[in-house]
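Spelled out, the chains give:
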Amino acid sequence: MNRPADPDAAFRQTGWPGLRARLFHFYFLLRRPMTLGVRGLVYDRASNSVFLIRHTYVPGWQLPGGGVEVGETLEEALARELAEEGNIALTAPPVLRSMHFNRRPSKRDHVGLYLIESFSQTAPKLPDHEIAEAGFFPIDRLPEGTTPATLQRIAEIFGGERNSAYW
């Protein structure tokens, strides 16, 4: 039986970077057997662009976000992650657009996706130990290496595609 091509194969790392990414996820699995995360689709209507980041420890361009810490709400976690990963501050409440099961890191990981259209950016995000690159990209000219999940979320919000239950 032929198996369908794996759309995420190009985004898996091998060698030390791949091992480091797997250890990172394993560490969080041990610390928090049930994980909850947030991602923000920061949309600049004037330029029809979205904000994407590229991590230092996993391949591909993706939406900013991360884990919800103990005692945080989803919106508090989103605001923290946007500030850390993009120097972005919310200027109005974000809109929860969908929830997704992310079965890659664990069998108990869920991600809330928020649409952010009211925000300010204090300064462009400069590279650091976690973020290799970050910036706004026109929706019709996303960077090469944008992850399949990121492309799918953008298509769900702006292309009218049906929301997937899976990240």
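Above this text you will find the structure in question.
(A) Structural context of the overall build of the chain. Tallying secondary structure elements over the chain gives 3 helices and 9 strands in all. Its helices and strands in sequence order give the chain the pattern α-β-β-β-β-α-β-β-β-β-β-α, from N to C terminus. When each of the 167 residues of the chain is scored for burial, the buried share is 38%. Counting only carbon and sulfur atoms, one obtains 57% of the accessible surface of the chain, whose full area is about 9,700 Å².

(B) Broad picture of the packing of aromatic side chains. Scanning the model with the defined rule gives 5 aromatic pairs in all. Joined through ring pairs, the aromatic side chains of Phe-51, Phe-119 and Phe-136 make up one cluster. Across the ring face of Tyr-166, the terminal group of Arg-103 is positioned such that the distance to the ring centre comes to 3.9 Å. Against the face of Trp-167 rests Arg-153, its NZ or CZ located 4.9 Å from the ring centre.

(C) Structural detail: the pairing of strand β7 (residues 109–116). Of all 8 residues in β7, 7 are buried; the element is thus mostly enclosed. Examined bridge by bridge, strand β1 (residues 35–44) and β7 share 8 bridges and lie parallel to one another. Within β7, the position partnered with Leu-36 by the bridge is His-110. Inspection of the sheet shows strand β6 (residues 95–101) paired to β7 by 6 bridges, in the antiparallel sense. Paired with Ser-98 across the strands is Leu-113, a residue of β7.

(D) Local environment of the side chain of Gln-62. Position of Gln-62 among the secondary structure elements: in strand β3 (residues 61–62). Residue class for Gln-62 comes out buried when judged on its relative accessible area of 9%. A polar contact is formed between the side chain of Gln-62 and the side chain of Arg-39, at a distance of 2.8 Å. Excluding residues that lie within four positions of it along the chain, Gln-62 makes contacts with Arg-39, Leu-52, Ile-53, His-55, Thr-147 and Thr-150.

(E) Looking closely at helix α2 (residues 74–86). Taking 1.5 Å of rise per residue, the 13 residues of α2 would be expected to cover 18 Å, and the 17 Å separating its terminal C-alpha atoms lies within 8% of that figure. Among all positions in α2, only Ala-77, Leu-78, Glu-81, Leu-82, Glu-85 and Gly-86 are buried. End-on view of α2: buried residues confined to an arc of 130°, all on one side of the axis. Taken from the residues just after α2, Asn-87 is the one with a positive phi, measuring 55°.

Rules and cut-offs
- Residues numbered from 1 in each chain as written.
- Predicted model: local features only at pLDDT ≥ 70, side-chain atom pairs only at ≥ 80, totals over all residues.
- Heavy atoms only, no water.
- Helix = DSSP H or I, 4+ residues; strand = E, 2+ residues; numbered from the N terminus.
- Buried < 20%, exposed > 50% of the residue type's maximum accessible area, 1.4 Å probe, protein only.
- Areas by Shrake-Rupley, 256 points an atom, 1.4 Å probe, with all protein chains shown as cover.
- Phe/Tyr/Trp six-rings, centres within 6.5 Å; stacked < 30°, edge-to-face > 60°.
- Lys NZ or Arg CZ within 6 Å of the ring centre and 35° of its normal.
- Pairing = 2+ DSSP bridges.
- Polar contact = N/O pair within 3.5 Å; in protein donor to acceptor, adjacent residues only side chain to side chain.
- Contact = heavy atoms within 4.5 Å.
- Expected span 1.5 Å × (residues − 1).
- Arc of directions from axis to C-beta.

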